[in-house]
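# Structural characterization, general
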Amino acid sequence: MLKVISFKICPFVQRITGILEAKNIPYDIEYISLSEKPQWFVDISPNGQVPVLVTENGVALFESDAIAEYLEEAYPALQPGLSAEQKALNRAWSYLGSKQYLVQCAAQRSQDAPTLIKRAGKLASAFAKVEKVLGEHLFFKSDSLSMVDLAWLPVLHRAHLIQENTGYDFLTFYPKTKAWQKSLLATGLAEKSVAEDFDEKFTGFYLSGETFLGRCEQGGDCNASNLEECCIEGDCCKTKAVTCRNSGSSCGC
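Residues numbered from 1 in each chain as written. Predicted model: local features only at pLDDT ≥ 70, side-chain atom pairs only at ≥ 80, totals over all residues. Heavy atoms only, no water.

## Topic: the packing of helix α1 (residues 11-22) against helix α7 (residues 147-166)
For any two helices packed against each other, one specifies the inter-axial angle together with the distance between the axes. Convention followed: Here the axes come from fitting lines to C-alpha atoms, over the contacting stretch only for helices, and the angles between their N-to-C directions go from 0 to 180 degrees. For the purposes of this entry, the term helix denotes a DSSP run of H or I that reaches at least four residues, the term strand denotes a run of E that reaches at least two, and both are numbered from the N terminus. Angles are sorted into four bins: roughly parallel if under 35 degrees, roughly antiparallel if over 145, roughly perpendicular if 65 to 115, and oblique for all others. By convention, the crossing between two helices is left-handed when the near helix turns anticlockwise from the far helix through less than a right angle, and right-handed when the turn is clockwise. Contact between two residues is taken to exist if any of their heavy atoms lie within 4.5 Å; hydrogens are not considered.
Two numbers describe how α1 lies on α7: the axes approach to 9 Å, and their chain directions differ by 130°. Relative to α7, α1 is oriented oblique. Once α1 is placed against α7, the crossing between them reads as right-handed. From α1, P11, Q14, R15, G18, I19 and A22 reach across to α7, where they touch M147, L150, A151, L153, P154, H157 and R158.

Quick look at the structure:
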């Protein structure tokens, strides 16, 4: 059986477990602490990062892009019959999605409103690109799941959790992407591809008192005085909204 080496809130891991769940491939999973990496993990992971996928032949694969390609090639394809050009485009759009993982992580950890606005703006540029190509399909250019959908699943899942807990929506200005998010979440893959205590671990790290969004959740420092340097005041926090002066990015908590 396949084995995934994981860190509980790692989006790169969720992409891989999402693929495994979507393809109904059985797997075991082992969680490690990245601050105290066991020697056996260091021995099989050249970059010291998760995910690592140990194949049924005992080969340890690393780098999520490479693992995703392996799972698509070694097991029945999610979208059989794609042309070489379509496969290449899917890899490109998947790469654009995975490039946003660390961008989103940084935005979620912002300590103040100006930092959140700046970092969310970088994430917004990617949403703007995907918004242009999304159509009326349930998923990415199709009514069936693709590798692109699984690459973007961690981003859209985390955006949902942030909105659910704080009211802040990274997707405010992107209705097609919002609809895509809804369709992906409706598959149940978001919950299936993470640990049972994922929500607790995620909010504990990204919505603590150390983060601006965390203080919004706790009803602390999220108020107009924190936002007036960069925003046109509306209201703030869960039941309110703020429109930013920068190009189309929401800083409403």
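There's plenty left to go through after this.
## Topic: the environment of A190
Positionally, A190 belongs in helix α9 (residues 189-192). Taking C-alpha positions, A190 is 9.6 Å from R15, a pair spaced 175 residues apart along the chain. Contacts of A190, omitting those with residues within four sequence positions, involve Q14, L153, H157 and L185.

## A look at unusual backbone geometry
Cis geometry is adopted by the peptide bond preceding P51, which originates at V50 and carries an omega value of 5°. With respect to the secondary-structure elements, P51 resides in the loop between α2 (39-44) and β3 (52-54). The residue N24 is not glycine, and still its phi comes out positive at about 55°. Topologically, N24 is positioned in the loop between α1 and β2 (27-31).

## Let's talk about the packing of aromatic side chains
Our working definition: Here a pair means two rings of Phe, Tyr or Trp (six-membered ring of Trp) with centres within 6.5 Å. Their orientation is stacked below 30 degrees between planes, edge-to-face above 60, and tilted elsewhere. Using a 1.4 Å probe on the protein chains alone, a residue whose accessible area is under 20% of its type maximum counts as buried, one over 50% counts as exposed, and one in between counts as partly exposed. Comment: the charge-over-ring label is applied if NZ (Lys) or CZ (Arg) is within 6 Å of the ring centre and within 35 degrees of the ring normal.
Summed over the entire model, instances satisfying the criterion amount to twelve aromatic pairs. Where W152 meets W180, the ring centres are 5.7 Å apart and the plane angle is 50°; that geometry is what we call tilted. Taken together, the residues span a long stretch of sequence, with W152 in helix α7 and W180 in helix α8 (residues 175-186) at a distance of 28 residues. In this pair, the class of W152 matches that of W180, namely buried. When the ring centre of W40 is taken as reference, the NZ or CZ atom of K3 above it lies at 5.9 Å. Sitting over the ring of F205, R109 keeps its end group 4.2 Å from the ring centre.

## As for the confidence of the model for the protein
The criterion, for reference: Each residue carries a pLDDT score, the predictor's confidence in it, ranging from 0 to 100.
Confidence in the prediction of the protein, expressed as mean pLDDT, is 88, and 85% of residues score 70 or more. Confidence drops under pLDDT 50 across residues 220-253; counting only partners more than four residues distant or on other chains, this segment forms 78 contacts.

## Here we look at the pairing of β2
What counts here: Strands are treated as partners if at least two bridges between them are detected by DSSP.
As paired strands, strand β1 (residues 2-6) and β2 are joined by five bridges and run parallel to one another. Pairing of V4 across the sheet is with I29, part of β2.

## What to know about the nonpolar core
Stated formally: Note on terminology: a nonpolar core comprises buried Ala, Val, Leu, Ile, Met, Phe, Trp, Tyr and Cys residues joined through side-chain atoms within 4.5 Å.
The biggest cluster of nonpolar side chains holds 68 residues, and the ones touching the most others in it are L2, L20, L71, F127, W152, F170 and W180. Looking at this core element by element, the count peaks at eleven residues for α7. In this structure, F170 is in contact with Q104, A107, Q108, A120, L123, F127, A159 and I162, ignoring residues within four places of it in sequence.

## Structural notes on the pattern of salt bridges
Put simply, the rule reads: Note on definitions: salt bridges are taken to be side-chain nitrogens of Lys or Arg within 4 Å of carboxyl oxygens of Asp or Glu.
A complete count under the given rule lists six salt bridges for this structure. The partner of K8 in a salt bridge is D197, with the nearest N and O atoms 3.0 Å apart. Of the two residues, K8 is situated in the loop between β1 and α1 and D197 in the loop between α9 and α10 (198-206); the sequence distance between them amounts to 189 residues. The exposure class assigned to K8 is partly exposed, which follows from its relative accessible area of 28%. By relative accessible area, which is 23% here, D197 ends up partly exposed. Note that K23 is salt-bridged to E72, the shortest N-O span being 2.8 Å. You can see K23 sitting in the loop between α1 and β2 and its partner E72 sitting in helix α3 (residues 64-74), a full 49 residues away along the chain.

## Brief notes about the sheet that holds strand β4 (residues 60-62)
What holds strands together in a sheet is hydrogen bonding between their backbones, with the strands either parallel or antiparallel. Ordered in space as β2-β1-β3-β4, the four strands form an open sheet in which the pairing is mixed. On the outer flanks of this sheet lie β2 and β4, each paired with one strand and no other. The mean angle between the axes of side-by-side strands here comes to 25°, regardless of whether they run parallel or antiparallel. Across three bridges, β3 lies against β4 in antiparallel orientation. Residue L53 lies in a different strand from β4, and its bridge partner there is L61. Helix-sheet contacts for α1 involve β1 and β2, and the interaxial angle to β1 is about 155°. Where α3 meets the sheet, its contacts fall on β1, β3 and β4, and the angle it forms with β4 comes to roughly 120°.

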